[in-house]
Amino acid sequence: MLNQNLTISQEIAAQPKTQYFTKEDGDALASLLESNPYKEQAAEVKSLLKSERLIESSRVEPEVDWFYCKLGLDSNYFDSTPSIVIARHILSLYAAKMVSHATGAKLEVQLHSKNEGSATFITPSNPGKRDSPAMMIEHAIESHYFGEGYHQDQQLLSPQQVAVAPFPVSPKPPTGTNLPPHGFRLACYRTTGTVSNSSPVHLRLYYLTKPVFPQATNDLSASKNDEMLATETDLFKIGDISFIEKSSELTKKIYQEVMNEVVGKQGPVIKHYPYQTNGARLVIAYRRGSTHSYWSAIGELYHYHQMYATHKYVEQFSNGITIYSIYLRPLHPDVDINTKISKIAEQASLVYVLPRTSLTPLFLSHQLSFPEVTYAYVCWKFAYQFLNRYATEYSALAAAIGDDSTKQSMLAQLKTRLSKDTFTEGRVRDAVLQYPELIKVLYQDFEKYHFCGSQQKYDVQHGSEILASIKKTVNNELDSQIFSAILSFNRHLLKTNFYKQTKTALSFRLDPGFLSTKEYVSTPFAVFFVVGSEFRGFHIRFRDIARGGIRIIRSGNSTQYDHNSSSLFDENYNLANTQQSKNKDIPEGGSKGTILLSADHQGKAEVAFHKYIDGLLDLLLPNHEIVDHFAKPEILFLGPDEGTADFMNWASSHAKDRGAHFWKAFTTGKSLSKGGIPHDLYGMTTRSIHQYVLGTLAKLGRNEADCTKFQTGGPDGDLGSNEIKISKDKTIGIVDGSGVLLDPQGLNREEIGRLASKRQMARYFDKSKLSPQGFFVDVAENDVKLPNGEIVESGLIFRNNFHLNPLCNADIFVPCGGRPESVQLTNVDKMFTSTGESRFPIIVEGANLFFTQKARLMIEEKGAIIFKDASANKGGVTSSSLEVLAALALNDEEFDKHMCVKDNIVPEFYENYIKDVHHTIESNARLEFECIWNEHESTKTPRSILSDLLSNKINSLNDSIQTSSLWNDQSLRRKIVSNACPKVLLNLLGVDKIMERVPEPYVKAIFGSYLASRFVYKYGLNSNEFAFYTYMETLKQ
């Protein structure tokens, strides 16, 4: 019962069970305060507290004295925190003690102080405890002050942690937060003392400030200054002024060392140093914005390894680099930190790649280590792409249906839908979460073959005992298939950068033997799988020497993301396979790369691309940290595709920085100054497409100027703009990203030419130049009335489906843009008139995979002439192939002199090389067009099928030629290479020097592709061995 003569606070303080209130002798504390450098500040704080009368006057002195002398706060706190704020912190701490004592609950201290330029947070510190309030503080700081927080906090934190959050819990940093461009600096300290002499509770202090950098002293523009700063390494030029003034010389020395290293790297620099007795200093540097959730994930990593931080710092630099400095000690003093710190540093690199995923709870609950949970995430995403629930049933039904192409196509679509409905990403994830013990077994198998220095011989049949264990452990067929797919991943993995010390993404080179030959009839040469914190993607190539574009796949909403995610590999495979068919008459086989941006990282295309390229280079360049079961050199030739055209320069330069000898040829589509041949500038792709239009019109005896045309892909794009520039038809409609532009009387050619020259969207068309029947419907508009009275409810839906709209009819349809399978079995009927005729009698497929093969065949059955993408759209690949050849044949000095445009001065060699490229594109297109036309006339085989048959015959013959004795004929070799190479290159170097400099596999590919394509184009699909013999004899003469 309370004593009525005492105040409540006096009574609570007098209770015998009190353990949070200061009991130290007042005189001893007072003498300590006398020698304290902040005694004047302490006196001011006491005065403030006494004037407020919220703490019993007799308690003010001991509480303040303890706070200054015994709690063990870092001096930086007192230097930077105003007296009034300190007074409030002491009052809050005292109030928390009173509540704890009165209720018997544990001490809950949450002290927050925030203003525009700084913030302070104080919370109890419970090292090694997952439910520590400090964890919530760190998540909030990461999101709101570093601008790098991204995680589903409510899924990872306890309700108690969420309740004490200093900000509303959000999976993303709030967009309205006024973050400086470089984030805040952080100093974090754990009190050396406790809240009282009888309490075990330590506190943790977080102090954040905006960085203040030295002012730039030059007259450069802001963008130029930022560009120079990005590569600056001098701490005195890029460091916060306070950091430079107050940091020790040792700290500046260490920071300078890591700064010098990290500026030239894509990934982090991670080092550790001894600190005092049984302590270690972990220093991590990386470029801000290149990962997310890293700060909090590093904390979880060292907690997993039974470490805690006595103090830690985050320093921001004006060149965009962030440096962590974390002082660690083992939770158990008898543990030697040297046995732990190396592993923490090693795994910190892995944390950078995938700091937080949906499987992170397995790590936080200590069911899996960080490498194991990272491996589990990769396998989850991989397995999802290849699980097939209905393989047996599908095969039986397909056999029963027979040759009915319509029903076979419907069955294939049904199988795909059922398979994805059964094996959703969530379903696969749930299996992984349910059986972490199987993940451990599979990870050990993975580690056995790929950990640095492994001597385990590659064996694609290994793991029968693991398969038996899977079947014994799981309780249903679906889970068995999931874990069997993960074992298949292990079995077919040839090399990975998983154990490489520094990496930005995880990359895996797989033998394609894991692919079902029923699902994927043509087996690729190689499959790469790349996973980063913002994306995942594939790279597939069908020949050793192969080239193709890298595509960014964005998703406008969750439904679209689910579709893109489920079809990622299939889209990549189909694009690469199409490229293989398209590349029939050039040295490189077909390849393609895809980068699917994660649902919540749609704005990080460039970051994702950089990591994807860096991950591929990890596996292409020799490295002793990587166990290479493939054991053969590999080169990839990459090009631009959707969303990556602006990144080609960087990829080539980065390959050079990493020491790749093939850097000049690594990417095509580079800028003029880098020796690239921009497809859009020179209309490379359109030149091939237009040859098919002109060829068809010539065969039909029609004049292009008298024909109407409709195109998807607008004047702002490569194909769309060049199609407008090169053609002479009457274009009646254009669909692009901005909307639908239509005029049945013909769009004003001068006006669409103006847009094409400026690369502007259709929405900028001068509407006054439309006829009364013409209109433009913007994607952002709704309820638009057309000239015919029809109401368009949604401009976006109207745009997406306009190629199927009966309003759109023309003599020629040239798709120059659009998503794959825009016309397929389910909607191809909308391509026909009410009388069953095609609304477009002539179709030249410029956009890749715009039609499915079944749709093409149905269109041809209705009498239309259609040329598929693999034949028509090959001008770009031909241009890129010759760009690669120049890069391989010319040395660095010659390449710089003859292929690089400087100060808008185009080298004479370059001008002539472009002319040679144009000639080759047009020649190849005419040869293939004539071959397909003639074959169709004689056999009536659909042109879409002939295109495939032609590609298959040329590619098959090419493979045979390259492995035959023909290659050994030196005279023939020189003659074929001479015929295949641009004349201007031959005149400069001569055939012998070209053959000497260009890698032999590439020269062999030139030899085979040229011989095979020219023979088939001349003699047709039914040519026999004798015809080839005759052809070869003619060549030798």
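Residues numbered from 1 in each chain as written. Predicted model: local features only at pLDDT ≥ 70, side-chain atom pairs only at ≥ 80, totals over all residues. Heavy atoms only, no water.

(A) Looking closely at the overall build of the chain. Assigned secondary structure in the chain consists of 44 helices and 24 strands. Taken over C-alpha atoms, the radius of gyration comes to 34 Å for the chain, in line with the 31 Å a tight globule of 1037 residues would show. Counting only C-alpha atoms and orienting by the principal axes, one finds that the chain spans roughly 115 × 70 × 65 Å. By residue count, 59% of the 1037 residues in the chain fall in the buried class. Put simply, of all contacts in the chain between residues at least 6 apart along the chain, 70% involve residues at least 24 apart. Looking at the chain, you have 111 positive and 117 negative side-chain charges, and the mean spots of the two groups are 2 Å apart. (Helix = DSSP H or I, 4+ residues; strand = E, 2+ residues; numbered from the N terminus. Rg over C-alpha atoms; globule rule 2.2 N^0.38 Å. Buried < 20%, exposed > 50% of the residue type's maximum accessible area, 1.4 Å probe, protein only. Contact = heavy atoms within 4.5 Å. Lys, Arg positive; Asp, Glu negative; His and termini not counted. Charge placed at Lys NZ, Arg CZ, Asp CG, Glu CD.)

(B) The arrangement of the nonpolar core in detail. Counting 110 residues, the largest nonpolar core has F666, I677, L885, M899, Y913, L985 and Y1002 as its most contacted members. Setting aside its immediate chain neighbours within four residues, Y1002 contacts I545, P587, E588, F637, S881, V884, L885 and L888. Core analysis: the second largest hydrophobic core is formed by 98 residues, L328, A485, V531 and L568 among them. (Core = buried A, V, L, I, M, F, W, Y, C linked by side-chain atoms within 4.5 Å.)

(C) Representation of the side chain of H690 within the structure. Locating H690 in the fold gives a position in helix 30 (residues 684-700). Look past the residues within four positions of H690 in its chain and what remains in contact with it is E704, E723, I726 and S727.

(D) Region of the structure containing the sheet that holds strand 9 (residues 493-496). Spatially, 7 strands are ordered 9-10-11-12-14-13-15 in an open sheet, and the strand pairing comes out mixed. If you trace the sheet from one side to the other, it starts and ends with strand 9 and strand 15 (637-640), each paired once. Strand after strand, the sheet turns through a mean of 20° between neighbouring axes, direction not considered. Sheet topology places strand 13 (residues 546-553) next to strand 14 (residues 589-597); 6 bridges connect them, and they run parallel. (Pairing = 2+ DSSP bridges. Axes fitted to C-alpha atoms, helices over the stretch in contact; angles between N-to-C directions.)

(E) View of the pairing of strand 6 (residues 279-287). Among the 9 residues that make up strand 6, 8 are buried, leaving the element largely enclosed by the rest of the structure. Sheet topology note: the strand 5 (residues 269-275)/strand 6 ladder contains 7 bridges and is antiparallel. Bridge pairing in strand 6 places Y275 opposite G279. Taking the residues between adjacent antiparallel strands as the criterion, strand 5 and strand 6 are bridged by 3 residues, where Q276 takes a positive phi near 50°. Examined bridge by bridge, strand 6 and strand 8 (residues 321-330) share 8 bridges and lie antiparallel to one another.

(F) Region of the structure containing the layout of surface pockets. Size it by volume and the second largest pocket reaches roughly 950 Å³. Surrounding the second largest pocket, 33 residues form its lining, K265, Q266, R287, H610 and W650 being those nearest its centre. Counting only elements with at least two residues in the lining of the second largest pocket, the list comes to helix 26 (605-620) and helix 27 (648-657). By residue number, the principal contributor to the lining of the second largest pocket is helix 26, which donates 6 residues. (1 Å grid on protein atoms, 1.4 Å probe; cavity = no way out; pocket = protein on both sides within 12 Å on 5 of 7 lines; lining within 4 Å. Points joined across faces, edges and corners; volume = space filled by probe spheres on them.)

(G) Here's a closer look at the packing of aromatic side chains. Using the criterion set out here, one finds 73 aromatic pairs in the structure. Their ring planes at 75° and their centres at 5.1 Å tell us that W295 and Y324 sit as a pair that is edge-to-face. Highlighted residues: W295 in helix 14 (residues 294-304) and Y324 in strand 8, separated in sequence by 29 residues. For the residue pair W295 and Y324, the accessibility class agrees, reading buried in each case. Each ring, one from Y435 and one from F483, has its centre 5.8 Å from the other, and the planes form 85°; the classification is edge-to-face. With Y435 in the loop between helix 20 (425-434) and helix 21 (436-450) and F483 in helix 23 (residues 477-492), this residue pair connects regions lying 48 residues apart in the sequence. On the accessibility criterion, Y435 (5% relative accessible area) is buried. On the accessibility criterion, F483 (0% relative accessible area) is buried. A network of ring pairs unites the aromatic residues F382, F386, F489, F508, F514, Y520, F529, F538, F542, F569 and Y573 as a single cluster. The ring of W663 is capped by K656, whose NZ or CZ atom sits 4.6 Å from the centre of that ring. (Phe/Tyr/Trp six-rings, centres within 6.5 Å; stacked < 30°, edge-to-face > 60°. Lys NZ or Arg CZ within 6 Å of the ring centre and 35° of its normal.)

(H) Molecular detail of the sheet that holds strand 17 (residues 730-736). Ordered by their spatial adjacency, 7 strands build an open sheet running 19-18-17-16-22-23-24, and the pairing between neighbours is mixed. Across the chains shown, the open sheet's two edge strands, defined by having one partner strand only, are strand 19 (775-778) and strand 24 (865-867). Between one strand and the next, the sheet's axes are offset by a mean angle of 10°, whatever the strand orientation.

(I) Highlighting the pairing of strand 2 (residues 118-125). Among the 8 residues that make up strand 2, 8 are buried, leaving the element largely enclosed by the rest of the structure. The pairing of strand 1 (residues 111-114) with strand 2 spans 4 bridges and is antiparallel. Residue L111 lies in a different strand from strand 2, and its bridge partner there is I122. With antiparallel pairing between neighbouring strands as the criterion, strand 1 and strand 2 make up a hairpin whose turn holds 3 residues. In the sheet, strand 2 pairs with strand 4 (residues 202-209) via 8 bridges, with the strands oriented antiparallel. Paired with A119 across the bridge in strand 4 is L208.

(J) Geometry of the side chain of R329. As for its position among the elements, R329 is in strand 8. For R329, which is buried and forms no salt bridge, the nearest opposite charge comes from D336, at a distance of 10 Å. Here the side chain of R329 touches T277 through a polar contact of 2.6 Å, landing on its backbone oxygen. Once residues lying within four places of it in the same chain are set aside, the contact partners of R329 are Y275, Q276, T277, N278, G279, Q306, M307, Y308, T310 and I337. (Salt bridge = Lys/Arg side-chain N within 4 Å of Asp/Glu carboxyl O. Polar contact = N/O pair within 3.5 Å; in protein donor to acceptor, adjacent residues only side chain to side chain.)

(K) View of the environment of S196. Examined against the element boundaries, S196 turns out to sit in the loop between strand 3 (185-190) and strand 4. With relative accessibility at 0%, the residue S196 sits in the buried group. A sequence separation of 279 residues divides S196 from N475, and the C-alpha atoms of the two residues are 55 Å apart.

(L) Layout of the packing of helix 21 against helix 22 (residues 464-473). Across the interface, helix 21 lies against helix 22 with an axial gap of 11 Å and an inter-helix angle of 175°. Taken together, the axes of helix 21 and helix 22 lie roughly antiparallel to each other. Counted together, E437, L438, V441, L442 and D445 of helix 21 and I466, S469, I470 and T473 of helix 22 form the full contact between these two elements. Taken together, the residues of the contact of helix 21 with helix 22 break down into 5 nonpolar, 2 polar and 2 charged. (Parallel < 35°, antiparallel > 145°, perpendicular 65-115°, else oblique. Nonpolar A, V, L, I, M, F, W, Y, C, P; charged D, E, K, R; others polar.)

(M) Representation of helix 14 in the model. Most of helix 14 is tucked away: 9 of the 11 residues are buried. Within the span of helix 14, buried status applies to Y294, W295, S296, A297, I298, G299, E300, L301 and Y302. Positive phi shows up at Q306, right after helix 14, with a value of about 60°.

(N) Quick peek at the packing of helix 39 (residues 943-962) against helix 43 (residues 1000-1019). Where helix 39 contacts helix 43, the two axes come as close as 8 Å, and the packing angle between them is 135°. It follows that helix 39 is oblique to helix 43 by the angle criterion. By crossing handedness, the relation of helix 39 to helix 43 is classed as right-handed. Touching L950, K953, I954, L957, N958, I961 and Q962 of helix 39 are K1004, A1005, F1007, G1008, S1009, L1011, A1012, S1013, F1015, V1016 and Y1017, all from helix 43. Broken down by class, the residue content of the contact of helix 39 with helix 43 amounts to 11 nonpolar, 5 polar and 2 charged. (Left-handed = near helix turned anticlockwise from the far one by under 90°.)

(O) Up close: helix 39. Its 20 residues give helix 39 an end-to-end C-alpha distance of 28 Å, which sits within 8% of 28 Å, the value for a rise of 1.5 Å per residue. Buried residues of helix 39: R943, S944, L946, S947, L950, S951, I954, N955, L957, N958, I961 and Q962, and no others. (Expected span 1.5 Å × (residues − 1).)

(P) Quick look at the confidence of the model for the chain. Scored by pLDDT, the chain comes out at a mean of 89, with 90% of its residues at no less than 70. This stretch, residues 151-164, has a pLDDT under 50; its non-local contacts, to residues over four places away or in other chains, come to 34 contacts. Below a pLDDT of 50 lies the segment residues 168-179, which in the model reaches 28 contacts outside its immediate sequence neighbourhood of four places, other chains included. (pLDDT = per-residue confidence, 0-100.)

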